[in-house]
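Structural features, examined
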Amino acid sequence: MLGALGHIETLLQKPLYAHFDLIVGAGVGAAIGSLLALGGMVDEIETAYRAHLAPVMAAGSAEARANRLSAATRKVFAGRSFADMKTPMAIVATRVASGQPHLFLSHRLGGEAGEQTHVPGDGVGLADAVIASCSAHPVFRSKFVKSASGEILELIDGGFCANNPSLLAIAQAKAAGIGPQSRMRVVAIGGGAFGQLKPAPLSRAWIAKHFMAAELVQRAFEINTQTVEHLLPTLFPDVPIVRIGQRHRERTMGMFEHRPALIPGLRSRGEAACVAGSDLLREALFA
């Protein structure tokens, strides 16, 4: 993801918030997208990512990982709120009770009408919204927040309902009347699909593959992504969508990677995916 974003930033020669009318993110995409919407540059976001990802994911239990996620997120977003965002941002989480998406919107989309009654982030702090969107249960515990209406919501990772949030992004833009649909362009950036582990039967690695929570969550996210990508051309055939994300035949790392030596490889893979789709990407960015 970061490699792809860095490539796009280089192509545009400006911060990404200055080019995109709406950023939508789920999970890690919510954290990175929020930092971009706040005006962050990709290199500085990558520095924070490298500093915090490995310690969070290396914790030995869901409770410990959740505590480290909370501490790291509050440190990164200290003193910053939805109101500080320089372009509209939507953070996606999943409601545990219904399985439906819950969106934390920084701005009311579609102009000034109703802006005075809009509550940024539905009254939830930016750090708490990001934590909720990243809480991939059971790898992490779920997150409880209190909305502006006083409702207590139990939320988990937005990837369960919208691992590729392009569908939600287009729906939000259409509902807000942000220009004609024919003028919409979507750049969807994913972490890639990493294939399946193939350890020896009944080995410790084989047992981990079949019973480890992270493997199940990763598979659920990948299935969700494939479903959305199947639906998008049918539902919005006139909206150009560039999807950046590769499927890797060899599994050397995963969605919940915590080995520091392998994290730089995530950026190089994103850059390679951009190069592979450079013509479509340029067309979407500069149309």
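Our subject is the structure listed above.
Quick summary incoming for the structure in this document. This is a predicted model, so every value here is computed, not measured. (Residues numbered from 1 in each chain as written. Predicted model: local features only at pLDDT ≥ 70, side-chain atom pairs only at ≥ 80, totals over all residues. Heavy atoms only, no water.)

Attention now moves to the pattern of salt bridges. Summed over all chains, the structure comprises six salt bridges. Close ionic contact of E46 with R50 constitutes a salt bridge, the shortest N to O distance being 2.9 Å. Of this pair, E46 and R50 both sit in helix α3 (residues 42-57), four residues apart, which is roughly one turn of that helix. Take R50: its relative accessible area is 42%, and that puts it in the partly exposed class. Among the ionic pairs, E151 bridges to R95, the shortest N-O distance being 3.5 Å. (Salt bridge = Lys/Arg side-chain N within 4 Å of Asp/Glu carboxyl O. Helix = DSSP H or I, 4+ residues; strand = E, 2+ residues; numbered from the N terminus. Buried < 20%, exposed > 50% of the residue type's maximum accessible area, 1.4 Å probe, protein only.)

Attention now goes to helix α4 (residues 62-76). Across its 15 residues, α4 extends 21 Å between first and last C-alpha, which sits within 8% of the 21 Å expected from 1.5 Å per residue. Within α4, burial applies to R65, A66, L69, S70, A72, T73 and V76. Structurally, α4 contributes buried residues whose contacts are with α2 (28-37), α3 and α5 (126-134). (Expected span 1.5 Å × (residues − 1). Contact = heavy atoms within 4.5 Å.)

Turning our eyes to something else, we now look at the packing of α2 against α5. Close contact between α2 and α5 brings their axes to 7 Å; oriented N to C, the two are set at 150°. One way to sum up the angle between α2 and α5 is to call them roughly antiparallel. Where α2 abuts α5, its residues V28, A30, A31 and S34 lie against L126, V130, S133 and C134. (Axes fitted to C-alpha atoms, helices over the stretch in contact; angles between N-to-C directions. Parallel < 35°, antiparallel > 145°, perpendicular 65-115°, else oblique.)

Purely geometric stuff here, so don't read any function into it on its own.
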